[in-house]
Amino acid sequence: MIQAEEFVEAARNIGFGWYTGVPCSFLTPFINYVINDVQLRYISAANEGDAVAIAAGAAIAGKPAVVMMQNSGLGNAINPLTSLTYIFRIPLLLICTLRGDRLLQDEPQHELMGQITEKLLETMTVPWEYFPTDAAEIEPVLQRATAYMQQERRPYALIMRKGSISPHTLIRSSIPKREDNNTHIYQSFFRDRRVSRSEALARIVELIDAENTVIIATTGYTGRELFASKDSANHLYMVGSMGCASSMGLGLSLARPDLKVVVIDGDGAALMRMGNFATIGTYGGANLTHILLDNEVHDSTGAQATVSAGISFAKIAEACGYGLIFAGDDPALLDALFTADINTRPKFAHLKIRPGTLEKLPRPNLTPEAVLQRFMKHIGSEL
């Protein structure tokens, strides 16, 4: 058994200052220590997949990040681990607890995951070792982890067994207090004809300052149409990791408060990870703008309907704490969005668009890894 301080301070010495995750009782002393230290950053994610994406956003901003989770939630993280951090080559340190350990009598719901945690990580090509339980093991473990992450630019996992860390008392809250509790909603007038996705994207590109603003576009036709509209170093085209664009954008915006971050989401993606609305509303700042282009279908897979026709994303954003909200099908709301001034909280726009895409829609002619490296060079960051 080690003290939380021993591991966290050793990790801090090599650059780890950002933590995110979903709690587990095995992790309690560790999380408490991180939260208590005002020089460290802890983001409480809605689920483990969002935690991975938030940490990925911090990492591409040049902030080495740690993701903490219970192994029962490892399944939630499979998608971003395999189609975000693997494909884009983003190194993260994972700390995953071993519920259902064969050496431990545990709850029945943990039995199978306890048997397959190691194999699951190996299947995802994530190397792992057990979390250190002796102070003398900490430095060698961190050296092995960071050496792999620096060489391969991919995640490395530590599996934590029960009783690895001594208790540590929580003395402060990880949830920031908002000084301004007012949310301003402006409902736009509706038109007779909805614009296309490509028209909306072209207008967004016109409205932003490419020098100090970046765009993260969700997977599917959104990223591909943004590429077709105007390929630029300040654009990051998500592939896979559906629903994770907003959480990745949150991580980047928090780690780089000097940078304006625009996330372009889709209705299917937003529905898939709606919990991140609450995380953005709680932690996000005014440098984050979240735009949802809603055509009420999963366009790239055959235009199957989503349930968004009956959903008020504006009311969801309001309830979750966004600061300024626009909704409607008039693209003029984009102009209002980017000219509106708000000092402390993120902005949101829900723009209804029509289904369909461009004929012979191209795919980005750069690999995801090359897109990310170009993007990071643009913002002056490195992994």
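What this report covers is the structure whose coordinates are included nearby. The model shown is predicted, which means the values in this text are computed figures rather than measured ones. (Residues numbered from 1 in each chain as written. Predicted model: local features only at pLDDT ≥ 70, side-chain atom pairs only at ≥ 80, totals over all residues. Heavy atoms only, no water.)

**Quick look at a negative patch on the surface**
Part 1: Together, E5, E6, D134 and E137 give the surface a local cluster of negative charge.
Part 2: Assignment of secondary structure puts D134 in the loop between β5 (128-130) and α6 (135-152). (Patch = residues over 30% accessible without salt bridge, like charges linked within 9 Å, V, L, I, M, F, W, Y side chains within 5 Å. Areas by Shrake-Rupley, 256 points an atom, 1.4 Å probe, with all protein chains shown as cover. Salt bridge = Lys/Arg side-chain N within 4 Å of Asp/Glu carboxyl O. Lys, Arg positive; Asp, Glu negative; His and termini not counted. Charge placed at Lys NZ, Arg CZ, Asp CG, Glu CD. Helix = DSSP H or I, 4+ residues; strand = E, 2+ residues; numbered from the N terminus.)

**Examining the pattern of salt bridges**
When charged atoms on two side chains of opposite charge get close, those side chains can pair.
Part 1: Scanning the model with the defined rule gives 18 salt bridges in all.
Part 2: Here R12 makes a salt bridge to D37, at a shortest N to O gap of 2.3 Å. Taken together, the positions of R12 in helix α1 (residues 4-13) and D37 in the loop between α2 (28-36) and β2 (41-44) put the pair 25 residues apart, joining distant regions of the chain.
Part 3: Of the residues examined, R12 reaches a relative accessible area of 25% and is grouped as partly exposed.
Part 4: Salt-bridge contacts for R153 lead to E369; the nearest nitrogen and oxygen are separated by 2.2 Å. In this pair, R153 sits in the loop between α6 and β6 (156-160) while E369 sits in helix α14 (residues 368-379), placing the two residues 216 residues apart along the sequence.
Part 5: Given a relative accessible area of 22%, R153 falls into the partly exposed group. (Buried < 20%, exposed > 50% of the residue type's maximum accessible area, 1.4 Å probe, protein only.)

**Remarks on the sheet that holds β2**
Part 1: The strand order β2-β1-β3-β4-β6-β5 describes an open sheet built from six strands, whose pairing is parallel. The strands lining the two open edges of the sheet, one partner per strand, are β2 and β5. Along the sheet, successive strands turn relative to each other by an average axial angle of 20°, direction set aside.
Part 2: Here α2 sits on the sheet and contacts β1 (18-21), β2, β3 (65-70) and β4 (93-97); the angle it forms with β2, its principal contact strand, is near 120°. (Pairing = 2+ DSSP bridges. Axes fitted to C-alpha atoms, helices over the stretch in contact; angles between N-to-C directions. Contact = heavy atoms within 4.5 Å.)

**Digging into the packing of helix α9 (residues 245-255) against helix α11 (residues 275-283)**
Part 1: For the pair α9 and α11, the least separation of the axes is 10 Å and the interaxial angle reads 15°. Considering the angle they form, α9 stands roughly parallel to α11. In this structure, α9 meets α11 at a crossing whose hand is left-handed. Contact with α9, carried on its side by S246, S247, L250 and L254, involves N276, T279, I280 and Y283 of α11 and no other residues of that element.
Part 2: Across the contact of α9 with α11, the residue classes break down as four nonpolar, four polar and no charged. (Parallel < 35°, antiparallel > 145°, perpendicular 65-115°, else oblique. Left-handed = near helix turned anticlockwise from the far one by under 90°. Nonpolar A, V, L, I, M, F, W, Y, C, P; charged D, E, K, R; others polar.)

**Let's talk about the packing of aromatic side chains**
What describes a pair of aromatic rings is the distance from one ring centre to the other and the angle between the planes of the rings.
Part 1: This structure, assessed with the given rule, holds 11 aromatic pairs.
Part 2: An angle of 35° between the planes, with centres 4.7 Å apart, marks the rings of F7 and F131 as tilted. With F7 in helix α1 and F131 in the loop between β5 and α6, this pair connects stretches of sequence that are 124 residues apart.
Part 3: Both rings, one in W128 and one in Y130, keep their centres 5.1 Å apart while their planes meet at 80°; by these two values the pair is edge-to-face.
Part 4: On the basis of relative accessible area, W128 is assigned to the partly exposed category, the value being 22%.
Part 5: The exposure class assigned to Y130 is partly exposed, which follows from its relative accessible area of 29%.
Part 6: Through successive ring pairs, a cluster of aromatic residues spans F7, Y19, F30 and F131.
Part 7: Cation over ring: R154 sits above Y86, and NZ or CZ is 3.8 Å from the ring centre.
Part 8: The ring of Y130 carries R161 above its face, with NZ or CZ at 4.3 Å from the centroid. (Phe/Tyr/Trp six-rings, centres within 6.5 Å; stacked < 30°, edge-to-face > 60°. Lys NZ or Arg CZ within 6 Å of the ring centre and 35° of its normal.)

**Points about the environment of E179**
Part 1: You can see E179 is positioned in the loop between β6 and β7 (184-187).
Part 2: Spatially, the C-alpha atoms of E179 and K347 are 16 Å apart, while their sequence positions differ by 168 residues.

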